[in-house]
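# Structure at a glance
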Amino acid sequence: MLHYPNVENLDELFNELEAESHAGVSTAKFFAHLLHRLRLLFKAENAVILLPTAGSWMVIAASGTVDSRLTASLSAQHRESGTVDSHSLAGAIEESPWFAIPIRPANFSKGCLLVSFSQPLPSAAIPGLLELMAAFAELLALRQMTDLESFFDQRWEKLQQLCAGLARSTSKERGSAQLVNQLVPLLAAARVALVSVGVMGRPRLEAVSGVTTLDQRSQASLTLLEFASQTIASRKPFSRQQKPALPTDGVDAGSVLPDGAFANLVAIPLISTIGDARCHFALVLEWQSYDEMVEASAVVANTLPTLNLAWQQHRRWERVPGIFKLLGERRLGFAPWRGRLVRWVIVTSLLGLAYLGLMRPYPVTIEAQGVLEPAVLQTVFANLDGYVEGLLVEDGQHVVVGQPLLNLRSPELELRIEELSGELRTIREKRSALQIAGNQLNPDAADLILNQNRIASEIKQLVTQEDNRGQQLKMLLDERQKSTVVAPIAGIVVAKDLRQKISSRPLRRGDALFRIVDLDGPWRLRIQVADKDSGYVLGNHHARDSQSLQFVIDSIPGEQFPATINWIASTVQNQFATGCYVEMHANVDDAVVQRTHMGASVRAYFMCGDQPLWFVWCRPLVESIQRRLWFWS
């Protein structure tokens, strides 16, 4: 696998790269040289340097064509590893494996080195591969520490001044202008823009470095808004890079593209927490050259958390009323507070703030319990009163439609068949005897006609009785044909202690015996929404035509999965006297099924719009009052 045949060549390579990491070579050229030699050494398809940003990964430098699936696969593996620091991560895209080593030992928060291959590698070569990758990552860490030392020596005070300025800023416009203008020298950027998204979801330029009057409709503004909108919508960084025409000339093809934006830029979302589902601001950082962009990468990764925290605190401080800001800044004396008018103003302000806080819209979340099960299932019931004479299947056995499952025997039915058969024989014998007696009548007897009529009447009565008994017997024989229970659908037999359960007790018609489920078909959630909460769910469902929800599996409590309601019962049930509920079914993704089992208990959460905060807090009390004291017609 290695291009270099001996250890001496590797030592020469590492010594050369270590000398470059301390020399005056630009970071971009050092990254390009290191990745190029690494790719040749491993004969790899790609070699990439990535930095974590806002819960995702941003490509800083690469040798080869980077597939977007690489960063997605790396993010997925990093999330699965949890909070435990990993010494390496590995994954595959189709049959192409990749391996990642953190730049700092066991710390992916400072970036990582990723190498991907076009075909699987022998397992014996992987430990050596990871060891050599760790050596290259150590060189990257040396270069990163050199850049950080330069940043701390020259620009650390500027970062402190920016955070202090945001803390002292009293308006949104002033804070936005400070942020973008002071980031330009801090990150050696050509231009910095701040974009926000309002309540209606429309992006807007808040501030651009070096610009006092913004034109929202200019070509450059529209381009910056487009990049920022993608970042805010996906909550992941977006980057555009234009490397020099040749690896050694150090000259970009062009700093500004026809769309009005610089060729090298990064759009980064400003999120308060990684798990936050909402993002309202994004920064667009632009550089005149690719070298300057790579040079600032380590600074961006280390200053972004501090800047993000300072900006979020500034945004929270803006929401505080002006009079309380003055109090917090100690710019009000104590003399004005002695007047009654000022006290009433303060009390009124506090009451107004309390009212606004209680009337603030807050999402109403309805929680319900349910189970995960196959969408295609059928319960097998007993067709007769009796007992099982022969069980033809076992628990977990696969059956097809129409396959015999068991034979039932009903002694009562058999006894009734024997009784009817005996009655039919008796009736037929009587009818035969009367026919013979009628044939033997004396034709000369004076009561001949009277006797013939009597015999004919009795024969007709017997014929009627025979027909009735015959129909009853036919019905009983048809009923006996149902003694063989067949499979209504194809699937797997599901029952616990099947043979002992149904063979040790008498059965009544309609008793549930076991179930047949199709594990290979679609799956669903069967949810029981309490009747008192169903109004919110049904109202939101009719308003939106389709109701989506999130659910948590009890055996996987740390993750949420999406689902969509596809059926709602039209009646309220209370089967086990545990409370009235409305049953609902929801579709789930097939990937969820592979991680759990049938019958897993879940907790579903419905987002049912917004209500005032006071109502959300006091909903049980309000609903109790509505039920007992308020009479709606």
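## Some points on the overall build of the chain
Along its length, the chain carries 18 helices and 23 strands. The buried share of the chain, reckoned over its 633 residues, is 40%. Taking contacts inside the chain between residues at least 6 apart in sequence as the whole, the part at least 24 apart equals 68%. Of the roughly 35,400 Å² of accessible surface on the chain, 54% is carried by carbon and sulfur atoms.

## Some points on the packing of helix α12 (residues 411-439) against helix α13 (residues 448-481)
Any two packed helices are characterised by how steeply their axes cross, that is the angle between the axes, and by the distance between the axes. Axis separation between α12 and α13 bottoms out at 9 Å; the angle between their running directions is 155°. In terms of orientation, α12 and α13 fall into the roughly antiparallel class. Along this stretch, α12 crosses α13, giving a crossing that reads as left-handed. Of the residues in the contact of α12 with α13, the class split is 14 nonpolar, six polar and eleven charged.

## Considerations on the sheet that holds strand β21 (residues 556-568)
Within the closed barrel, the six strands sit side by side as β11-β19-β22-β21-β20-β23. Their pairing is antiparallel. Taking the axes of each pair of neighbouring strands and ignoring which way they run, one obtains an average angle of 40° across the sheet. Strand direction decides the pairing type here: strand β11 (residues 361-374) and strand β23 (residues 600-612), joined by eleven bridges, are antiparallel. Considered in β23, the bridge of V371 is made with S601.

## Here we look at the side chain of T231
In this structure, T231 sits in helix α7 (residues 219-234). Given a relative accessible area of 0%, T231 falls into the buried group. For T231, the contacting residues outside a window of four places in its chain are K236, P237, F238, A267, I268 and P269.

## Here we look at unusual backbone geometry
Across residues other than glycine, the phi torsion is negative in most instances, and most of the peptide bonds are trans. Even without being glycine, E94 reaches a positive phi, approximately 60°. You can see E94 is positioned in the loop between β3 (89-93) and β4 (96-104).

## Side note on the packing of helix α5 (residues 156-168) against helix α6 (residues 172-187)
At a closest axis distance of 10 Å, the pairing of α5 and α6 adopts a crossing angle of 175°. When the interaxial angle is binned, α5 and α6 end up roughly antiparallel. The segment α5 lies against α6, with K158, L159, Q161, L162, G165 and L166 engaging G175, Q178, L179, Q182, L183, P185 and L186. Taken together, the residues of the contact of α5 with α6 sort by class into seven nonpolar, five polar and one charged.

## Let's talk about the nonpolar core
Among the nonpolar cores identified, the biggest contains 65 residues, and F42, I49, F136, L183 and L285 are the most heavily contacted of them. Top contributing element to this core by residue count: helix α4 (residues 126-154), with nine residues.

## Remarks on a nonpolar patch on the surface
Side chains of L350, L353, Y355, L356, L358, M359, W614 and W617 sit close together on the surface and give an oily, nonpolar patch of about 830 Å² of accessible area. Residue assignment for the nonpolar patch shows that the elements contributing at least two residues are α11 (340-359) and α17 (613-617). Per element, the largest residue contribution to the nonpolar patch is six residues, and it comes from α11. For Y355, the location among the structural elements is in helix α11. The class of Y355 is exposed, set by a relative accessible area of 52%.

## Some words on the pattern of salt bridges
Following the criterion strictly, the structure yields 18 salt bridges and no others. Note that R428 is salt-bridged to E466, the shortest N-O span being 2.9 Å. Separated by 38 residues along the polypeptide, R428 in helix α12 and E466 in helix α13 bring together distant segments of the chain. R428 sits in the partly exposed class, given a relative accessible area of 41%. With its nearest N and O atoms 2.6 Å apart, the salt bridge here joins R595 to E559.

## Considerations on the sheet that holds strand β17 (residues 491-494)
The four strands lie next to each other as β12-β18-β17-β14, forming an open sheet whose pairing is antiparallel. Looking at the sheet topology across the chains shown, the edges are occupied by β12 (377-381) and β14 (398-399). The sheet contact formed by β12 and strand β18 (residues 512-517) spans five bridges and is antiparallel. In the sheet register, V380 faces β18, and the bridge partner there is F514.

## Brief notes about the pairing of strand β1 (residues 46-53)
Within β1, seven of the eight residues are buried, leaving the element largely enclosed by the surrounding structure. Taken together, the five bridges between β1 and strand β5 (residues 107-116) define a ladder with antiparallel strand orientation. Residue pairing for β5: L50 is matched across the bridge by C112. Sheet analysis places β1 next to strand β2 (residues 56-63), joined by seven bridges and oriented antiparallel. The partner of L51 across the bridge, within β2, is M58.

Cut-offs and rules
Residues numbered from 1 in each chain as written. Predicted model: local features only at pLDDT ≥ 70, side-chain atom pairs only at ≥ 80, totals over all residues. Heavy atoms only, no water. Helix = DSSP H or I, 4+ residues; strand = E, 2+ residues; numbered from the N terminus. Buried < 20%, exposed > 50% of the residue type's maximum accessible area, 1.4 Å probe, protein only. Contact = heavy atoms within 4.5 Å. Areas by Shrake-Rupley, 256 points an atom, 1.4 Å probe, with all protein chains shown as cover. Axes fitted to C-alpha atoms, helices over the stretch in contact; angles between N-to-C directions. Parallel < 35°, antiparallel > 145°, perpendicular 65-115°, else oblique. Left-handed = near helix turned anticlockwise from the far one by under 90°. Nonpolar A, V, L, I, M, F, W, Y, C, P; charged D, E, K, R; others polar. Pairing = 2+ DSSP bridges. Core = buried A, V, L, I, M, F, W, Y, C linked by side-chain atoms within 4.5 Å. Patch = residues over 30% accessible without salt bridge, like charges linked within 9 Å, V, L, I, M, F, W, Y side chains within 5 Å. Salt bridge = Lys/Arg side-chain N within 4 Å of Asp/Glu carboxyl O.

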